[in-house]
Amino acid sequence: MIILGIETSCDETGIAIVEDGTNILSNITATSAGIHAKTGGIIPEDAARKQVTSILPVLNLALEESGLLLSNIDAIAVTYGPGLIGSLLVGVETAKTLSMVHHIPLIPVNHLVAHMYANFIDSGVLPEFPAISLTVSGGHTDLVLIKDHGHIEKIGSTRDDAAGEAFDKTARLLGIEYPGGPKLAALADKFIAENKDEKLNMFPRPMINDDNFDWSFSGLKTSVLYKINELVGDNNKLSDYKTISTKENVKNMIPQLAAEVQEAIVDSLVTKTVKAIEKHQPKSMLLGGGVAANQRLRHKLDLRFKIQDLRTKLYLPNPKYCTDNGAVIASAAFFNNKKFAWNKIDVNPELTITSNTET
Ligand code: KG4
Ligand code: ZN
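Here is what the cut-offs are and how they apply
Within any chain, residue numbers begin from 1 and follow the written order of that chain's sequence. The naming scheme follows written order: chains are lettered A onward, ligands numbered 1 onward. Local features in this predicted model are restricted to residues whose pLDDT is 70 or higher, and side-chain atom pairs enter the listing and the counts only when it is 80 or higher, whereas totals over whole chains, interfaces and linings include all residues. Excluding hydrogens and water, the side-chain values take into account all heavy atoms of the structure. Counted as coordinating are nitrogen, oxygen and sulfur atoms within 2.8 Å of the metal, or 3.2 Å for Na, K and Ca, while water is not included, which may make sites look incomplete. Only DSSP runs of H or I reaching four residues or more are called helices, and only runs of E reaching two or more are called strands; each is numbered from the N terminus. For each residue, the accessible area found with a 1.4 Å probe, counting protein chains only, is set against the maximum for its type, and the residue is called buried under 20%, exposed over 50%, and partly exposed in between.

Student: How would you explain the coordination of the zinc ion (ligand 2) if you had to name every residue and give the values?
Tutor: At this site the zinc ion (ligand 2) is bound by His 111 (NE2), His 115 (NE2) and Asp 324 (OD), with donor distances of 2.0 to 2.1 Å. Sequence spacing of the donor residues for the zinc ion (ligand 2), all on one chain, is H-x3-H-x208-D. Residue His 111 and its partner His 115 are both found in helix H4 (residues 111-116); the two are separated by four residues, about one turn of the helix. Accessibility assignment for this pair places His 111 and His 115 in one class, buried.

Student: Residues and numbers for unusual backbone geometry, please.
Tutor: The omega angle of the peptide bond from Phe 129 to Pro 130 is 0°, so this bond is cis rather than trans. By secondary structure assignment, the location of Pro 130 is in the loop between H4 and strand E6 (131-136). Looking along the chain, the bond that leaves Tyr 178 and enters Pro 179 is cis, with omega of -5°. Topologically, Pro 179 is positioned in the loop between helix H5 (163-173) and helix H6 (180-194). A positive phi angle, near 70°, is found at Met 207, a position not held by glycine. By the secondary structure assignment, Met 207 is in the loop between H6 and helix H7 (219-232). Within the chain, Asp 309 stands out as a residue other than glycine whose phi angle is a positive 50°. The residue Asp 309 is located in the loop between helix H10 (295-307) and strand E10 (313-314) in this model.

None of this, on its own, says anything about what the molecule does.
Set out below in C-alpha cells:
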C-alpha cells in the first residue's frame, strides 16, 4: 500500500511517499525556520503563509523523487492536529482537495501519535507491543503505554513547559538564535566533550524523585535567568536577554550553561522514563519528537538501559525522522488505517496524544 503523507502542523512542510508503512520512496521537507530566526520565535501567520507557498513545490518534488504519479497513490494521510491552526489548515485543505479531485481515500493522523512511527521506519525490525513511548517535541512531553496500534494510554506528561520548549526558551535567554534547541545541544555536546569531568548539576530537576511519571520544566528558565543575573551582577529582566549574553563573563559561560540546561532536561526525562520501564516492563521503548534527536538524551537512555540490564528493547530512531516530516505521517496512517471521506475531516489544533481519529 502506497501512502502519501502530509505534515504541516508548525513550521515544516513535509510530504513523503511511503510503501507499506516503512519503505520510504521519497521524503521532502521545507522549513520556515529561517524566517522565525529573525523574530526569535514562530509567528503563526508567517508560518502559515510559508506553508501556502511551500506545499505544492514540496508535493511536486515528493512525487518526482518517488517516480510516481498521484494515480499510483492508494491513500493520502494528513496531520489534522495538534498544531498551529493556520499551518494545519494548509495541509488538511490540500489533502482534501487532492482526495476529492483524484478520488483517493484520506486518513487523518494525530501528529503526536505519528512521532512514534519514526521507530518503525528504517528500523529493520518492527517494535513489538506493549511498548512505552516518550514523545518529546516543541509543544508536548508525553509518556504513553501502547498496547497495540491505536491503543494508547497516557502515563505521564509535563505539568507546564514541554521539553523542546525548555530547550528553546533557555536558548533564547543565552542569546542562541531560533530554533534554539539543536543549537544549544551542539554547544552543550562540545562543552561535554572538552570537559568530561564536569558534574553538570547546577540546575534543579523538579519532580525527579516524585512517585509519578510527570515533569515540570518551566522553572528552568528562571534558574537560568538567576544564574545569568548572578554572573552579570545586577538585576536584569527576562527581556534583556540580548544584552545579557553580550557581557563578556556570561558569554564565556554560555557553553557550560548550555550543557547544564541540557543535562537537567535529559536527566529528568531519562529518570522518569526508566522508572516507567521498570514498572511496566514493556517489550519496546520508543522515542519520538524533535527532542528525540538530542544526542545526549539518546546516549544517556542507552547507557541506563545497559547499566540496569533492562530487558525492554530500546529504539533510537534516525534523527532525521524525529523532527517533523511527512514520512512518519504516512507510516502512522499505514498502521492505523482508518479511511475517511474528504468532507468528514477538519483540523483540531487541540488534539492530545490519546485522542482518537474521529473528528
Ligand atoms: O517535533 P518537532 O520537530 O516539532 C513539534 O512538533 O514541536 O520538535 C521541535 C522541537 C523544538 O523545540 C526543537 O528545539 C527541539 O525539538 N529539538 C531539539 C533538538 N532537535 C530539535 N532539542 C534538543 N536537541 C536537539 N538536537
Ligand atoms: Zn512534531
